[in-house]
Amino acid sequence: MSKPTIGFIGLGLMGAAMVGRLQDLGYSLTVMANRSRPNVDAAIARGATEVSTARDVAAASDVIMLCMDTSASVEGRMRGADGVIAGLKPGATVVDFGTSLPGSTRALGVEVEAAGGHYLDAPLGRTPAHAKDGLLNIMTAGDKDAFAAVEPVLKDLGENVFHLGDLGSGHTIKLINNFFGMTVANAMSEAFAMADVAGIDRGQMYDVMAAGPLRSGMMDFVKAYGVDKDPSMLEFAIKNAAKDVGYYAQMAKDAGVDSIMSQGPLTALEQARDSGQGDEMVSQMVDFYAKRFAK
């Protein structure tokens, strides 16, 4: 059975790794430059075809994949005369791998369906290193038949591929997941900074906490920087964490509820981002709290 043709928009760290994986497996790819050229040039050197608009990407593809930073970016590539929707082939499927607002996802789904296509949200878990080896966690939602049709492609990219229900469910679960993770990361970051204030050795405090039920992967990621000065264990930028927790808070507001727990980490992440730490990794929030407490 022949492989579907793939269009890919958003060749950042994660997207480029996914494109590389697809090329390793012999998929035919059409790409376009979004913000920078190096990863696009690398894909072209390996046989990908470059086009100039999202419409052209869609026109050449059975499956169109987007791996972008915000809902606004996704909407910008989907809509308009040069957007994906304008170029969709009948029966084509669009997959949004980014972390988007569920309300935006559902609205785009209606528009894609009206154009004769299918829309799936499929936010990702794990890192670009996992993507290179096809070991991502993929949280897919949307029409079951459309999911079944692209599931073999998704399984080439992910070790764990879930179907989570109606369109928007994947993005909802991803936002809840990231809210929880960033809340833990901020709590641990502040804990290390509070240890400094109290004159307690960070490593000793960690050893005590890690010996009990509080221990988690996220706790260890923050410890990697807070104690060992290695920020690479969690390759997730503060600016992206602020975006995701902000989306979680917006999702709660859209649902008519007031999120209490998101306000602390959201305030801290936004302040760290706005003070110049946006491109640093989340584990480096330890420095944000340490500086704050030192004033």
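Structure's up top.
K.L.:
Now, about the environment of D279: what can you tell me, with residues and values included?
P.N.:
Within the secondary structure layout, D279 lies in the loop between α13 (263-277) and α14 (285-294). For D279, a relative accessible area of 58% puts it in the exposed group. C-alpha of D279 to C-alpha of A237: the two residues are 42 residues apart in sequence and 5.4 Å apart in space. Within the local environment of D279, its side chain forms a polar contact with the side chain of K239, the two groups lying 2.7 Å apart.

K.L.:
Quick rundown of the environment of I176? Include the residues and the values.
P.N.:
Secondary-structure assignment places I176 in helix α9 (residues 169-198). I176 sits in the partly exposed class, given a relative accessible area of 42%. Sequence spacing of I176 and A249 is 73 residues, and the spatial spacing of their C-alpha atoms is 9.8 Å.

K.L.:
Just give me the short version of the sheet that holds strand β8 (residues 136-140), but keep the residues and values in it.
P.N.:
Backbone hydrogen bonds hold the strands of a sheet together, and the pairing may be parallel or antiparallel. Sheet architecture is open: 3 strands sit in the order β7-β8-β9, paired in mixed fashion. Looking at which strands have only one partner, the edges of the open sheet turn out to be β7 (124-125) and β9 (158-163). Here β8 pairs with β9 via 5 bridges, running parallel. The residue bridging N137 from the neighbouring strand is N160, located in β9. The strands that helix α8 (residues 144-157) touches are β8 and β9; relative to β9, the one it contacts most, it runs at about 165 degrees.

K.L.:
Quick one: what's the story with the packing of α9 against helix α10 (residues 202-210), residue by residue and with numbers?
P.N.:
The geometry of α9 relative to α10 is characterised by a closest axis approach of 9 Å and an angle of 130 degrees between their N-to-C directions. Taken together, α9 and α10 sit at an angle that is classed as oblique. Here the hand of the crossing between α9 and α10 comes out right-handed. Between α9 and α10, the contacting residues are M188, A191, F192, A195 and D196 on the first element and R202, M205, Y206 and M209 on the second. For the contact of α9 with α10, a count of residues per class yields 7 nonpolar, no polar and 2 charged.

About the criteria used
- Residues numbered from 1 in each chain as written.
- Predicted model: local features only at pLDDT ≥ 70, side-chain atom pairs only at ≥ 80, totals over all residues.
- Heavy atoms only, no water.
- Helix = DSSP H or I, 4+ residues; strand = E, 2+ residues; numbered from the N terminus.
- Buried < 20%, exposed > 50% of the residue type's maximum accessible area, 1.4 Å probe, protein only.
- Polar contact = N/O pair within 3.5 Å; in protein donor to acceptor, adjacent residues only side chain to side chain.
- Pairing = 2+ DSSP bridges.
- Contact = heavy atoms within 4.5 Å.
- Axes fitted to C-alpha atoms, helices over the stretch in contact; angles between N-to-C directions.
- Parallel < 35°, antiparallel > 145°, perpendicular 65-115°, else oblique.
- Left-handed = near helix turned anticlockwise from the far one by under 90°.
- Nonpolar A, V, L, I, M, F, W, Y, C, P; charged D, E, K, R; others polar.

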